[in-house]
Amino acid sequence: MSIQPVTSSVPVAPVLVAAVGAQVLDDALFLLVPPSALLLGPLAGLIAIGLTAAGARIATRGRSGPVVARTGLVVGLASAGIGLLLGGLGLVTLLLAGITVLAGVAGAVAGRGLTAGRLP
């Protein structure tokens, strides 16, 4: 049995748009609708996580196979990195960054029926 190389690349432009969009849209929501800042302020991290999952889902549209999970991982990592740059390196921010990475992968593979192929 031999291992076949996987030739799939992660699209850079959709990944950056999804990652930056998730972090900036979260902040823009509070700037555009000032009363929402009082109500949704404590949920800012959760909103960014949800937007990251949605962005990963959109960035992987039309793709299949292992590139879906890889793209979701890169969207999550980029979004978490941007969130850490904007929010600092506190304990809660680090925890939210880890969840953001997982949300990127989960958003990308959710509902696509990706399963493990043939196991050895």
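Because the structure is predicted, anything quoted here is derived from the model rather than measured.

Draft legend 1. How the structure looks around the overall build of the protein chain. Counting its secondary structure elements, the protein chain contains five helices and zero strands. Taken from N to C terminus, the helices and strands of the protein chain fall in the order α-α-α-α-α. The 120 residues of the protein chain split such that 27% are buried. In the protein chain, once contacts between residues fewer than 6 apart in sequence are set aside, the share between residues at least 24 apart is 72%. With the model as given, the accessible surface of the protein chain reaches about 7500 Å², and the carbon-plus-sulfur share is 74%.

Draft legend 2. The arrangement of the nonpolar core in detail. Listed in full, the seven residues of the largest apolar core are V15, A18, A56, A59, V68, V75 and A108. Counting residues per element, the ones that place at least two in this core are α1 (12-32), α3 (44-59) and α4 (66-87). When sequence neighbours within four positions are dropped, the list of residues in contact with V75 reads V15, A18, A19, T52, A56 and A59.

Draft legend 3. Structural detail: the layout of surface pockets. Approximately 260 Å³ is the volume found for the largest pocket. If you trace the largest pocket, you find 17 residues lining it, with Q23, G45, A48, G83 and T93 closest to the centre. Within the residue set of the lining of the largest pocket, elements represented by two or more residues are α1, α3, α4 and α5 (91-109). The biggest single contributor to the lining of the largest pocket is α4, with six residues. Class assignment of the residues belonging to the lining of the largest pocket gives a composition of eight nonpolar, seven polar and two charged.

Draft legend 4. Summary view of the side chain of S79. Here S79 is to be found in helix α4. Exposure remark for S79: the relative accessible area of 0% places this residue in the buried category. If near-sequence neighbours (up to four positions away) are discounted, S79 is found in contact with A19, A22, Q23, T52 and T100.

Draft legend 5. Layout of the packing of α3 against α5. For the pair α3 and α5, the least separation of the axes is 7 Å and the interaxial angle reads 30°. Judged on the interaxial angle alone, α5 and α3 are roughly parallel. Along this stretch, α3 crosses α5, giving a crossing that reads as right-handed. The segment α3 lies against α5, with G45, I49, T52, A53, A56 and R57 engaging L96, I99, T100, A103, G104, G107 and A108. Of the residues assigned to the contact of α3 with α5, the class counts are seven nonpolar, five polar and one charged.

Draft legend 6. Structural detail: α5. The terminal C-alpha atoms of α5 lie 28 Å apart, and with 19 residues this matches the ideal 27 Å at 1.5 Å per residue to within 8%. Looking at α5, one finds that the buried residues are A97, T100, V101, A103, G104, G107 and A108. For α5, the angular spread of the buried residues around the axis is 165°, confining them to a single face. For α5, exposure combined with an orientation more than 90 degrees from the buried face picks out L91, V92, L95 and L102. Following α5 by one or two positions, G111 has its phi on the positive side, about 75°.

Conventions used here
Residues numbered from 1 in each chain as written. Predicted model: local features only at pLDDT ≥ 70, side-chain atom pairs only at ≥ 80, totals over all residues. Heavy atoms only, no water. Helix = DSSP H or I, 4+ residues; strand = E, 2+ residues; numbered from the N terminus. Buried < 20%, exposed > 50% of the residue type's maximum accessible area, 1.4 Å probe, protein only. Contact = heavy atoms within 4.5 Å. Areas by Shrake-Rupley, 256 points an atom, 1.4 Å probe, with all protein chains shown as cover. Core = buried A, V, L, I, M, F, W, Y, C linked by side-chain atoms within 4.5 Å. 1 Å grid on protein atoms, 1.4 Å probe; cavity = no way out; pocket = protein on both sides within 12 Å on 5 of 7 lines; lining within 4 Å. Points joined across faces, edges and corners; volume = space filled by probe spheres on them. Nonpolar A, V, L, I, M, F, W, Y, C, P; charged D, E, K, R; others polar. Axes fitted to C-alpha atoms, helices over the stretch in contact; angles between N-to-C directions. Parallel < 35°, antiparallel > 145°, perpendicular 65-115°, else oblique. Left-handed = near helix turned anticlockwise from the far one by under 90°. Expected span 1.5 Å × (residues − 1). Arc of directions from axis to C-beta.

These values are about where atoms sit, not about what they do.
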